[in-house]
Each structure stands twice: as structure tokens, then as C-alpha cells.
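One letter stands for each residue in the lines below.
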Amino acid sequence: MKDETLCLHAGYSPQNSEPRVTPIVQSTTYVYDSIEEVGEVFDDPTKSIIYSRFANPTVMAVERKIAELEGGIAAMCTSSGQAALLIAILNLCKAGDSLISPIQIYGGATNLFSTTLKKQGIECIFVDVDADEATLHKAFKSNTKAVFGESLSNPSLTVLDIEKFAKVAHSHNVPLVIDNTFATPVLCKPIKFGADIVVHSTSKYMDGHAVQIGGVIVDSGKFDWTNGNFPEMTEPDESYHGVSYTEIYGASAYIIKARMQLMRDYGVYPAAHSAFLLNLGLETLSIRMERYCYNAMKVAEFLNASDKILSVTYPGLSTDKYYDLSRRYLKGNSGVISFELKGGKQNAMTFINALKLASIEVHVADIRTSVLHPASTTHRQLSAEQLKDAGISEALVRISVGLEHIDDILADIRNALTQV
Ligand SMILES: *Cc1c(COP(=O)(O)O)cnc(C)c1O
């Protein structure tokens, strides 16, 4: 089925007289007829559900929906996008291992990889998102266990050459993990291009209404964990009565280990109610993404033609550095645009404060248009030098175009520009 249909119907098929809408199962625990049965579920937690720290029927319906949308075999939701990144990496790397990632990624991912995981003995080797194959090969060490990248990056809006990264990762027998948050499975299907694991912050477009924080990890089921590089997948897990994940669960080894071992121990599973809200967002994802892309393209073209604007970054513009990669990997470029005003910080601030419809908020991908000045907010702690490296000038404005009528969005921008 197509995305529009999957968004509405995947993951939950009510039987005779059951609720039309995925019910909220607000229960931490589940009852059984005999203690033997509970024992059996402990032996194989894929058989049933015993505790909502790592499995819940409402959350699992959403997991099935997202897995289908991404073309994966299974998924596991987490309590935030950050938790999805953490579990996705810890399921591959332990102290003494390393991963490779472009520098141009979400700030929260940069902090996690460069500081918090480092304290736990996991090193991140940063490369440029445009690194050629030879440079990527050189970044590998004997302990490298994962390659990471964002399909459409937040906030720099670079587009990853997924096939190139996948090819290099696979030649070193490690999986490619793609953060597909900004693109969503509606605009990009990383697994089709060779990604092995896909992660999301569902707090962004998937939710869309700014009502829940969440994340998800999707397993393509395609990576060969028996290649010798991942003993934790193949050898007995002493913390789980000696299970070998590849032996018992085959293609689902990665996602089952993530749930049975890491979700059990870290407990970063979302609440049923959050999953219910996320599901409402997902139902309209496909149709919303079309309109975000349409509106943002109009705004990008308008800004590009204004003599008060110095530069516009939006991969949908034929003048954009990532236009060709966008055409190859994306069906659209989301609602996020960044641009620089002429006249530096002062004009950027004047412009933002003069907007009436667009609200100032630290969020993107909402149904309502929002705007931010990264240099004085999300990237405030960076030095002038670091700002330059991150490609964030004092004149830069980031706008997340929403679903208001395009005429009203443009009128607001036009009006604010007259104040500059
Ligand atoms: C927001 C975001 C995250 C973190 O997600 P939270 O839900 O805020 O924890 C990770 N990756 C990308 C690309 C994001 O935009």
C-alpha cells in the first residue's frame, strides 16, 4: 500500500466489534492464567506483553505503522529522539568502540556523540558530510562499529549521499544508521538506499502538532550480524539466560536485542498516551508533508528574490548546493528554510520581532509557522569561531514553514521585511 494508506491503516486492524481507533492501553502490567505462562513470556518476550517499561499495545501499534512506512521489519519507540539515538548506538557500540558521523548533524546528537558517549568510552570520529569515499575509508578504525548520518540535516539542511555512506560502511562490515527526522519516511526511504537502521525524533513532523516528545528506531532486517564484528548479537547474552539473538530471532536480532536488553535496562519507553497522540499525527503525515514542502518552496523562492536577503538555504532551490542530492534521495525538502539577511544580526532581530503570524519558539516541524535566531538561542554557547565552523552566521534566521495559507505566510514575511 502507498504511504497515505499506511499512515491511516498500518499497525492496527480492529476485529469484529473492537474500537475503530487504536485504544490507549493505560496499564503498566498484564494478567495471565497461570504462572507457567508468565515464565514462557520471560523466556521469549516476543510471544506476549508483560510490562510497559519495554512493550505496550498502544505503543506497539505505532511501532508497526512506522516500521511499515520505513520498509523495515520492526521498530521500537523511545521516550525521545535523543533516547532513540542513544539506544541505536549503544546496541552497536560498547566502551572501546567507535562510530563515524558527519559534523553537520543535530546539536543534541553532536553533544551525545562528542561528550556523553565519549565519557562512556565510545569515540565518535567526525567527517565532513561531503567527504569522498577515500576520506570516509580513512576514518575507519579496527574498532568502528557504526556509521551515522542525517538524511536531511537539522539545522544545516545538508543532504546525505546515503548510497555512498552505505557502500563504504558495508565494505567495513558495519551498518549505516540514518536519522530520518526531517525528511520522514514520506520524503525519504533510507532503507531503499542501503541504510540498515533508521531513527527518528517523532517530536517533529511525525507528531507535527507539538504535543509529545518521542523517538523511534527502525530495523531494516537486512544487515548480516554474523559477520564476526558483532559478538553481542551472536554469542549468548548472559543477562538474558544465554540467548543468542541471531540464532533465535534471525533478521530481527538487532531490534529484539534493543528491546530485551537495552530497553529493559534503560527504561526509556514512551507512555501509551504519547503513542496515541503520535499516532494521530502519523495519520495525516503524508498529506501534511506535501503541504509543508509546497509552502516552504514558495517561501524559499520569495526570499531568494528579495533584495533584503543575502542567501537562502533550501535544497529544493535549483541554486542550492544539495539540489542534486535532494532530487536523488528526497521527494520534497520539508518546511525548514534558513536564510541570511543583509545587514547582519541587527536586521535579523528586527525581522524576527516584526513577524506577527510566525511565532518565536525553540521547535521546528510544527503545523504552525515558527522562527528562530540560532546564533542567540540554540547555538548561543558557541564561540564566534565555532559558529563559523557550524555555518551559522549572526544574520542567519531559521524558519519552519507551517500549514497556514501560503498567502498569509508570505504577507507576514513581506510585512516584516519592510521593517528592515
Ligand atoms: C529534534 C531532533 C532530535 C532529538 O529529538 P528529541 O525528540 O528532541 O529528543 C534528533 N535528531 C534530529 C534530527 C532532530 O531534529
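Each value, and the rule that gives it
Residues numbered from 1 in each chain as written. Predicted model: local features only at pLDDT ≥ 70, side-chain atom pairs only at ≥ 80, totals over all residues. Heavy atoms only, no water. UniProt positions renumbered as here; feature names shortened; annotations may be inferred. Helix = DSSP H or I, 4+ residues; strand = E, 2+ residues; numbered from the N terminus. Salt bridge = Lys/Arg side-chain N within 4 Å of Asp/Glu carboxyl O. Buried < 20%, exposed > 50% of the residue type's maximum accessible area, 1.4 Å probe, protein only. Axes fitted to C-alpha atoms, helices over the stretch in contact; angles between N-to-C directions. Parallel < 35°, antiparallel > 145°, perpendicular 65-115°, else oblique. Left-handed = near helix turned anticlockwise from the far one by under 90°. Contact = heavy atoms within 4.5 Å. Near = heavy atom within 4 Å. Polar contact = N/O pair within 3.5 Å; in protein donor to acceptor, adjacent residues only side chain to side chain. Areas by Shrake-Rupley, 256 points an atom, 1.4 Å probe, with all protein chains shown as cover.

The name given to the protein in an unreviewed UniProt entry is O-acetylhomoserine (Thiol)-lyase, with Mangrovibacterium diazotrophicum as the source organism. The Cofactor (unreviewed entry) comment attached to the protein in UniProt states, word for word, "pyridoxal 5'-phosphate". Heading Sequence similarities (unreviewed entry) of the UniProt record for the protein holds this comment: "Belongs to the trans-sulfuration enzymes family."

A.B. asks: I'm lost on the UniProt feature "modified residue: N6-(pyridoxal phosphate)lysine" (unreviewed entry) in the protein in this one. Help?
C.D. replies: Look at the UniProt record and you will see "modified residue: N6-(pyridoxal phosphate)lysine" (unreviewed entry) annotated at Lys 204. Its location among the elements puts Lys 204 in the loop between strand S6 (197–201) and strand S7 (215–219).

A.B. asks: For this particular structure, what's the right way to read the pattern of salt bridges?
C.D. replies: Two side chains carrying opposite charge are able to pair once their charged atoms lie near each other. Counting across every chain of the model gives 12 salt bridges. Notably, a salt bridge pairs Asp 3 with Lys 189, separated by 2.9 Å at the nearest N-O pair. Separated by 186 residues along the polypeptide, Asp 3 in helix H1 (residues 3–9) and Lys 189 in the loop between helix H8 (184–187) and S6 bring together distant segments of the chain. Comparing Asp 3 with Lys 189 shows no difference in burial state: the two are buried. With its nearest N and O atoms 3.2 Å apart, the salt bridge here joins Arg 328 to Asp 161. Taken as a pair, Arg 328 in helix H14 (residues 323–329) and Asp 161 in the loop between strand S4 (144–150) and helix H7 (162–171) lie far apart in primary sequence, 167 residues in all. A relative accessible area of 42% places Arg 328 in the partly exposed class. Each member of the salt-bridge network shares a partner with another, and the members are Lys 94, Asp 97 and Lys 145.

A.B. asks: I'm lost on the packing of helix H4 (residues 81–90) against helix H5 (residues 107–119) in this one. Help?
C.D. replies: Between two packed helices, what matters for the description is the angle formed by their axes and the separation of those axes. Interaxial distance between H4 and H5 falls to 10 Å at its minimum, and their mutual angle equals 45°. Compared by their axis directions, H4 and H5 come out oblique. The two elements H4 and H5 meet at a crossing, and its hand is right-handed. On H5, the residues touching Gln 82, Leu 85, Leu 86, Ile 89 and Leu 90 of H4 are Gly 108, Ala 109, Leu 112, Phe 113 and Leu 117.

A.B. asks: I tried to follow the site of the ligand on my own but got confused; where do I start?
C.D. replies: Near the ligand lie 14 residues; those nearest to it are Asn 154, Asp 179, Ser 201, Ser 203 and Lys 204. Between the ligand and Asn 154, the relevant distance is 2.8 Å, taken from an oxygen atom to a side-chain nitrogen or oxygen of the residue. One nitrogen or oxygen atom from the side chain of Ser 201 is found 2.8 Å from an oxygen atom belonging to the ligand. When isolated, the ligand has an accessible area of 380 Å², and the protein chains bury 93% of it.

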